[in-house]
Amino acid sequence: MIEPIRIQKATVKKQKPKDKDLTFGTVFTDHMFVMDFQEEKGWYDPRVEPYGPFPMDPAAAVLHYAQAVFDGLKAFRQRDGKVVLFRPQKHVERLIESSKRLCIPPLDPELALRSLVELVGMEKDWVPSMVGTSLYVRPTIIANEPFLGVRPAKSYIYYVILSPVGAYYPEGMNPVKILVVDKYVRAVEGGVGGAKTGVNYAASLYAAEEAKHGGFTQVLWLDGRERKYIDEVGTMNIMMKIGDEVITPPLSGTILAGVTRDSVLTLMREWGLRVSERPVTIDEVAQAAHKGQLQEVWGTGTAAVISPVGELSYKGERIVINGGRIGPLTQKLYDTIVGIQYGTAPDPHGWTVAV
Ligand SMILES: *Cc1c(COP(=O)(O)O)cnc(C)c1O
């Protein structure tokens, strides 16, 4: 049975910002998708309603014990005006995997996909068209049962909000300076590093602030046990090219299974590159740099697609990559993914889904 989605339209529409004035995550569209969960009923009442606050009991479980998950994907307006989502099924799968880890009852994947497609379809006019801009889609699940005991909650809200966002690189891609931290860790084996959950972000703020005060854009996280294996860079997956090998850490549970990571790995394997998902230590990277073999380092994630790393700072030593300039593979990956998203390059894998 296909469950109907109830629709309540906003009576007053907001004014839309101009494409060139867009930033990240400050403006939200007229409507949101909402669905409730109660133990006796399961997930029920899927609906689109005017964007607005939820009434929230001060004892709601999410506010105390952080039982929540989210995901993030984008809708693009292609040259011919068509609006597409990038790999929404993959994001839905991940939201469900994250939910399981946080003891949140999983959504029906088909209904979750429909929630994204229908909401974005309704808000099509909000999808900006300037190159680099997009409509950011944020599905979220929070535990809203008012109860201060520690156990999985018995009621939840699933909601999806949309935010038109500006070009990530209005002045072109700029390689960033990264601080390798060994004082703090983001995740440990057996923990929740592999789930997209707010606590990972809360846990990362302190180190990121310290790095910013030191003049760095972000931190590079090492593993929690030995503090020598590379995990992630900021809130992105990390990749590097050493000699003719492209290396990225394996999905061992401490790192997030990025959809961009998967897309980029797929492309590089098709291009015939030698790609390894294997543990890599910061010392291996430093030694490769000394030998002149560290060619490129970049992060991958939905927000920026690809973020070139120009410099790593580890124990006071500066490791400059490719003279601080963006490398050819980094650039090619960016151009290819962005081309697929905006419909200016072929999409042989069917990664884009029209709404
Ligand atoms: C979301 C996220 C990523 C990137 O995932 P994408 O699906 O490519 O956007 C990487 N690392 C962390 C910690 C994340 O939260």
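Reading guide: rules and limits
Residues numbered from 1 in each chain as written. Predicted model: local features only at pLDDT ≥ 70, side-chain atom pairs only at ≥ 80, totals over all residues. Heavy atoms only, no water. Domains from an automatic or database assignment. Contact = heavy atoms within 4.5 Å. Buried area = accessible area lost by both parts, 1.4 Å probe. Salt bridge = Lys/Arg side-chain N within 4 Å of Asp/Glu carboxyl O. Axes fitted to C-alpha atoms, helices over the stretch in contact; angles between N-to-C directions. Helix = DSSP H or I, 4+ residues; strand = E, 2+ residues; numbered from the N terminus. Parallel < 35°, antiparallel > 145°, perpendicular 65-115°, else oblique. Left-handed = near helix turned anticlockwise from the far one by under 90°. Nonpolar A, V, L, I, M, F, W, Y, C, P; charged D, E, K, R; others polar. Polar contact = N/O pair within 3.5 Å; in protein donor to acceptor, adjacent residues only side chain to side chain. Patch = residues over 30% accessible without salt bridge, like charges linked within 9 Å, V, L, I, M, F, W, Y side chains within 5 Å. Areas by Shrake-Rupley, 256 points an atom, 1.4 Å probe, with all protein chains shown as cover. Near = heavy atom within 4 Å. Buried < 20%, exposed > 50% of the residue type's maximum accessible area, 1.4 Å probe, protein only.

J.: It is not clear to me how the domain arrangement of the chain should be interpreted in this structure. Could you clarify?
T.: When the parts of a complex come together, some accessible area is lost, and that lost area is often used as the size of the interface. Looking at the chain, the domain boundaries give domain 1 (6–166) and domain 2 (176–341). Computed over C-alpha atoms only, the centres of domain 1 and domain 2 are separated by 28 Å. At the junction of the two partners, domain 1 supplies 20 residues and domain 2 supplies 20 residues. Both sides of the domain 1 and domain 2 interface together cover about 1,700 Å² of buried area, and 60% of this is carbon and sulfur. Across the contact surface, domain 1 and domain 2 share one salt bridge. In this structure, aspartate 262 engages arginine 87 in a salt bridge whose closest nitrogen and oxygen atoms are separated by 2.8 Å.

J.: What is the right way to look at the packing of helix H2 (residues 88–101) against helix H3 (residues 109–122) in this model?
T.: Packed helices, taken two at a time, are described by the angle their axes make and the gap between the axes. Where H2 contacts H3, the two axes come as close as 10 Å, and the packing angle between them is 125°. Relative to H3, H2 is oriented oblique. In the crossing of H2 with H3, the sense of the turn from one axis to the other is right-handed. Contacts between H2 and H3 involve Pro88, Gln89, Val92 and Ile96 from the former and Pro109, Ala112, Leu113 and Leu116 from the latter. Of the residues that constitute the contact of H2 with H3, the class distribution is seven nonpolar, one polar and no charged.

J.: What exactly am I supposed to notice about the side chain of threonine 133 here?
T.: For threonine 133, the position within the fold is in the loop between H3 and strand E7 (134–143). Of the polar contacts made by the side chain of threonine 133, one reaches the backbone oxygen of methionine 130; its length is 2.6 Å.

J.: Help me understand a nonpolar patch on the surface in this model?
T.: A surface patch of nonpolar side chains, about 330 Å² in accessible area, is lined by Tyr65, Leu148 and Val150. Mapped onto the fold, valine 150 is located in the loop between E7 and strand E8 (155–165).

J.: What is the right way to look at the site of the ligand in this model?
T.: Taken together, 15 residues form the shell around the ligand, and within it Lys196, Tyr201, Glu232, Thr260 and Thr302 come nearest. A distance of 2.6 Å separates a nitrogen atom of the ligand from a polar atom in the side chain of glutamate 232. Within the complex, 96% of the 380 Å² of free accessible area of the ligand lies under protein. For the shell around the ligand, the secondary structure elements donating two or more residues are H2, strand E12 (236–242) and helix H5 (259–270).

J.: Whenever I open this one, the environment of isoleucine 326 confuses me. Can you help?
T.: With respect to the helices, strands and loops of the structure, isoleucine 326 is situated in the loop between strand E17 (317–320) and helix H7 (328–341). Along the chain, isoleucine 326 and alanine 153 lie 173 residues apart, while their C-alpha atoms are 47 Å from each other. Residues within four places of isoleucine 326 in sequence aside, it is in contact with Met173, Pro175, Pro308 and Gln331.

J.: I keep staring at unusual backbone geometry and nothing clicks. Help me out?
T.: Phi is mostly negative for residues that are not glycine, and the peptide bonds are mostly trans. At cysteine 103, a position not held by glycine, the phi torsion is positive, near 55°. As for its position among the elements, cysteine 103 is in the loop between H2 and H3. You can call cysteine 103 partly exposed: its relative accessible area is 47%.

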